[in-house]
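# Commentary on secondary and tertiary structure
So the chains spell out like this:
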There are 2 protein chains.
Amino acid sequence: MPNNDKLSIISLGGRGEVGKNMIVIEYKEQIIILDAGNLFPEDNKTGIELIIPDLSYLKENEDKILGLIFSHGHEDHIGAVPYLLQIINPPLYGTDLTMALIESRLEDNGLLEKANLNTIGSENKTEILKLGPFEIEFCPVNHSIPAAVAMCIKTPAGNIVYTGDYKFDQTPVDSPRTDYQTLVKWGENGVLALLGDSTNSEHEGHTISEMVVARNLEESFRLIEQRIIIATFSSNIIRIQQIFKAAVKTGRKIAVSGYSMLKTIEMACRLGYIDIPEGSVLSIDEASKMDPGKVVLLMTGSQGEYRASLSRLARGEHREVSIIPGDTVYLSASAIPGNEVAISGTINLLYSKGATVIDDNKLDIHASGHACQEEIKMMINLIRPKFLIPVHGEFRHLYHHAQLGRQTGIPVENIFIMLNGDRLLLSVNKAENKGKIKAGVTYIEQGNIMEEGKTILKERKKLARNGFVNIIIPITTKGSLKGEPVVLSRGFTNHRELSTFIKESKKRIVQSLDNSKHRENFEMLERELSNTLTNYFFEKTGRTPLLIVKVEELYNESV
Amino acid sequence: MPNNDKLSIISLGGRGEVGKNMIVIEYKEQIIILDAGNLFPEDNKTGIELIIPDLSYLKENEDKILGLIFSHGHEDHIGAVPYLLQIINPPLYGTDLTMALIESRLEDNGLLEKANLNTIGSENKTEILKLGPFEIEFCPVNHSIPAAVAMCIKTPAGNIVYTGDYKFDQTPVDSPRTDYQTLVKWGENGVLALLGDSTNSEHEGHTISEMVVARNLEESFRLIEQRIIIATFSSNIIRIQQIFKAAVKTGRKIAVSGYSMLKTIEMACRLGYIDIPEGSVLSIDEASKMDPGKVVLLMTGSQGEYRASLSRLARGEHREVSIIPGDTVYLSASAIPGNEVAISGTINLLYSKGATVIDDNKLDIHASGHACQEEIKMMINLIRPKFLIPVHGEFRHLYHHAQLGRQTGIPVENIFIMLNGDRLLLSVNKAENKGKIKAGVTYIEQGNIMEEGKTILKERKKLARNGFVNIIIPITTKGSLKGEPVVLSRGFTNHRELSTFIKESKKRIVQSLDNSKHRENFEMLERELSNTLTNYFFEKTGRTPLLIVKVEELYNESV
């Protein structure tokens, strides 16, 4: 029987205010962390590559952390690890494929030696991971990457089930069904709180089965006479397996392009998650010399990512291969919100070069990895938790997950939508919001944590919109102009207008200097001149560039 | 009978390479223009508001232009007018509502007095507009704005039909059916070329009827007990009429928020395109004091536009009204590609404030204004053109329109996909691509044509990604450093790293100056220093800021 101790759950990370990507569980000054993922920025024009949770709370409580346990190997669950390890260094636990993906990431970042990596046996359901007062049990779940698990975290205060990402595919292909029996057993033993995936909570019914996708791919390949090019997520090993099968069944050889895809396939092969028939693989170069009707090119770029293989191919910038009129390009993926325009741009380029494109709007050649409404309700009914905490989703998804919880009979006061940094205090009889920890987001650029990221991003956004004007004013110690101000500007306006502005700015600088009370206080003087010129630019253009006015005492009066 | 003269058709405008938004028809040194629309930029973070076609070809041939004729009043057909009139000033022709929308736009831009505006009678089908050798006949078509027309342009070389935007709604509400009889008559008289709307050419079947939308809105409103807030396009007068009807039928009063919507409703009222029952309208202020169950707030912002009413309401920044928990918000619109993330952001905020959101994924409360595949084929079969020219769409849409043409029996060699600036030369027996005119895009910022827009945009994109570093090096005429270099930087890196960079840069500047062969050629010297420092920054960060090195002879050696 659970005792009356308190357990706290903290949701970390996320865009804006919605907690996601990382869950912290605390019991009596001891902490475990579930997953450590990243987000991708909405605006990829500002040089930011990734967004990860603010880790300062974990840094402060480093000595209490017993371990970090991963549900599966997708970016939004493991992507923060290389940065997290620069700040804290807890033991890491996950299934073989998950750990292999983390290992490869850490190797790229030179952090492998430092890391404490531990593989848990996803096949061995009876294995229990013991970390201090926490006993963690695992359950295989079906998702769009192999070796995904749900977890039951047993604590003296009660049991918590975290689903990770899952779906209930009744006819999965080359991947195990979600293990209903274990989920039922957990439910029967009593679950205090369920933390469940909310991604598809707005979608009615069930997610289509991978079997449908496999069948459609094969049937569709059979009708194509020319070359086939197909893009999917490099981590979707299960889909990649279906593509290999469909190719082999329809008498085609496969060539793979894209660093991340090659690497993941190699890893999945090594761990036995993918079976590639001997003699079915060619190099891109060999494939180019074959009858196009006997070839499938498998590549990255299903999201229109600028540097990915398919995007380079569409632009005519792929070093090894070009579009041949008559090519059929499959996008075996759905658009991640924000990528629609990039994907459509790639599709336009492919058509303009003579290819035909088949995406998941035209044919069911993609299945989501996440549970839809009927599956989410089923999960709740299997687990029968006292408290429901929708996780992993934007606010709208958490909201709809909460509604589904109410439909299954969980009282509204037992459902909690947690925002980034929220702390929920749980005991057998009660759950309550207990304030917020310091939380926010951390930006990653060029593989590094950005110091002062928020400020730099703000500057870049201003520069993107209005450019800059920098004015350096040579001055004597007494505050008289000595020589010509130097004006530098880019991205603000055209040459003709700029040269008028420069002339007029100089006039206004002379006037301001003459009238200023602050001629010997350079800081005040700069602020005064900056205001004058900002007003002038706004009056003329309706816009304000990023303006820096610098008064420089380049030489002393006495020289 | 058509003679053997040549007629040329030029497609202008468009994102990247695909012609759209403006069609130029030339016959014997005489020109008419069909529509003058704008595009919205893919990336709205760079200050660019609109993109319009490059107008230099029209400027060069200004004396040949007999008129500019509009199919309807949507932005992508009239949006370029205020900028076009700053360059050329042809007579403008359109139906009453189209001209009223143009008039209001020109009034805002202070161009009304200059403009030559002419209203054509959309109701009077027999009216023929004669411009030199061109005789233009009109045919009402059903679209998501009233008073839309297709045109048949009769020339001695043959007849051209331009559909404008249309659909074949069999049960339209408060708007006329597309006039099949006139289209058939045109077809029977012989049509050389059909220029047809391609927007929905990837969608099978028929666009749903406005009757379905009207019924769903009313039925759904009936189930809501609290306040209703509904956003749609401000130009969709027909939808706005349905919203008014549904509100009145379910016993609610309506209050309208949003400048563009208020203006369009006023215009549509005046011209008799909308019928607002007396006493059904309140001010936002009056509505706030009423029983929420008796109120509909109609507003702009269905695309998540930052400044629109619904977006401000979602952020809690609307001056007159706030979300009340229990509000139901309808988005009676579909997402224009590129707006998905902004719309989702608004939806998240609405949920987080206690509202429920119903969009067109949940209920059919929006119908597209464009023909789907069955309708496009029907248009081709009614008109029976010799040549088919898909217009108005991205390349993928033009491609699919072309495929539909082939399905209806038009030979592939008679179908032409035109890119921006392409000229197609037509005669009775022949059509051929005849080179390209100068074409591209023109950027609009703060309501003005951007001079050097392309360069400025490039600078802004660089600044957005990497920020800038500006270095001003005071030097003597002999090329010796005199005093300290001034270094200014924003958006590049954090303070700590920057101060290291500044120190090291200064060292490298001193070294370079010492070793330079170009100490008296400042331009060469700047280039040399710029290369040195660019390499240094790249080596340290993997990035290159926008760098300006300026060698300034601030004082003469002799001073």
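Structural notes, computed from the coordinates. What you see is a predicted model, and the numbers here were worked out from it, not measured in a lab.

### Focus on the interface of chain A and chain B
- The interface of chain A with chain B comprises 61 residues on the first partner and 60 residues on the second.
- Of the roughly 5700 Å² buried where chain A meets chain B, counting both sides, 58% is carbon and sulfur surface.
- Linking chain A to chain B there are six salt bridges.
- A salt bridge links Asp-359 of chain A to Arg-396 of chain B; the shortest N-O distance between them is 3.9 Å.

### Considering the packing of aromatic side chains
Residue and element names in this part refer to chain B.
- Applying the stated rule across the entire model yields 21 aromatic pairs over all chains.
- Arranged with centres 5.2 Å apart and planes meeting at 65°, the rings of Phe-221 and Tyr-330 form a pair that is edge-to-face. Separated by 109 residues along the polypeptide, Phe-221 in helix α6 (residues 210-223) and Tyr-330 in strand β17 (residues 328-331) bring together distant segments of the chain.
- Looking at Tyr-330, the relative accessible area reads 0%, which means it is buried.
- Taken together, a centroid distance of 5.5 Å and an interplanar angle of 70° make the contact between Phe-492 and Phe-537 edge-to-face. Here Phe-492, found in the loop between β25 (486-490) and α15 (495-515), pairs with Phe-537, found in helix α16 (residues 522-541); they are 45 residues apart in sequence, far enough to count as distant.
- Exposure remark for Phe-492: the relative accessible area of 1% places this residue in the buried category.

### With respect to the relation of the copies chain A and chain B
- Mapping chain A onto chain B calls for a screw motion: a turn of 180° about the axis and a shift of 0.0 Å along it, with 0.0 Å RMSD after fitting. Here the transformation between the copies is reduced to the relation of a two-fold axis. Closest approach to the rotation axis within chain A is made by the C-alpha atom of Ala-464 of chain A, at a distance of 2.3 Å.
- Interface overlap between copies is the fraction of interface residues in one copy that are interface residues in the other; for chain A against chain B it reaches 98%, indicating a shared surface.

### Concerning the pairing of strand β19 (residues 385-391) of chain A
Residues and elements named next belong to chain A.
- A large share of β19 lies buried, amounting to six of its seven residues.
- Sheet analysis places strand β12 (residues 191-197) next to β19, joined by six bridges and oriented parallel. Within β19, the residue paired with Asp-197 across the bridge is Val-391.

### Some details on the pairing of strand β16 (residues 295-299) of chain A
Residues and elements named next belong to chain A.
- Here β16 lies mainly inside the structure; five of its five residues are buried.
- Because side chains alternate across β16, one face comprises the buried residues Val-295, Leu-297 and Met-299, and the other comprises Val-296 and Leu-298, equally buried.
- Where strand β13 (residues 228-231) and β16 come together, four bridges link them in parallel fashion. Note that in β16 the partner of Ile-228 across the bridge is Val-296.
- The pairing of strand β14 (residues 253-257) with β16 spans five bridges and is parallel. Paired with Ala-255 across the strands is Leu-297, a residue of β16.

### Things to note about the sheet that holds strand β8 (residues 128-131) of chain A
Residues and elements named next belong to chain A.
- Spatially, the six strands line up as an open sheet ordered β8-β9-β10-β11-β12-β19, and their pairing is mixed. Two strands close off the open sheet at either side, each with one partner strand: β8 and β19. Adjacent strand axes in the sheet meet at a mean angle of 20°, parallel and antiparallel pairs treated alike.
- Here β8 runs beside strand β9 (residues 134-141); their pairing, made up of four bridges, is antiparallel. Looking at β9, one finds that Ile-128 is bridged to Glu-137.
- Where helix α5 (residues 180-189) meets the sheet, it contacts β9, β10 (148-155), β11 (158-162) and β12, and its direction lies at approximately 145° from that of β9.
- Lying over the sheet, helix α12 (residues 373-383) contacts β11, β12 and β19, oriented at roughly 165° with respect to β12.

What counts and how
- Residues numbered from 1 in each chain as written.
- Chains lettered and ligands numbered in written order.
- Predicted model: local features only at pLDDT ≥ 70, side-chain atom pairs only at ≥ 80, totals over all residues.
- Heavy atoms only, no water.
- Contact = heavy atoms within 4.5 Å.
- Buried area = accessible area lost by both parts, 1.4 Å probe.
- Salt bridge = Lys/Arg side-chain N within 4 Å of Asp/Glu carboxyl O.
- Phe/Tyr/Trp six-rings, centres within 6.5 Å; stacked < 30°, edge-to-face > 60°.
- Helix = DSSP H or I, 4+ residues; strand = E, 2+ residues; numbered from the N terminus.
- Buried < 20%, exposed > 50% of the residue type's maximum accessible area, 1.4 Å probe, protein only.
- Least-squares fit on C-alpha atoms with pLDDT ≥ 70 in both.
- Pairing = 2+ DSSP bridges.
- Axes fitted to C-alpha atoms, helices over the stretch in contact; angles between N-to-C directions.

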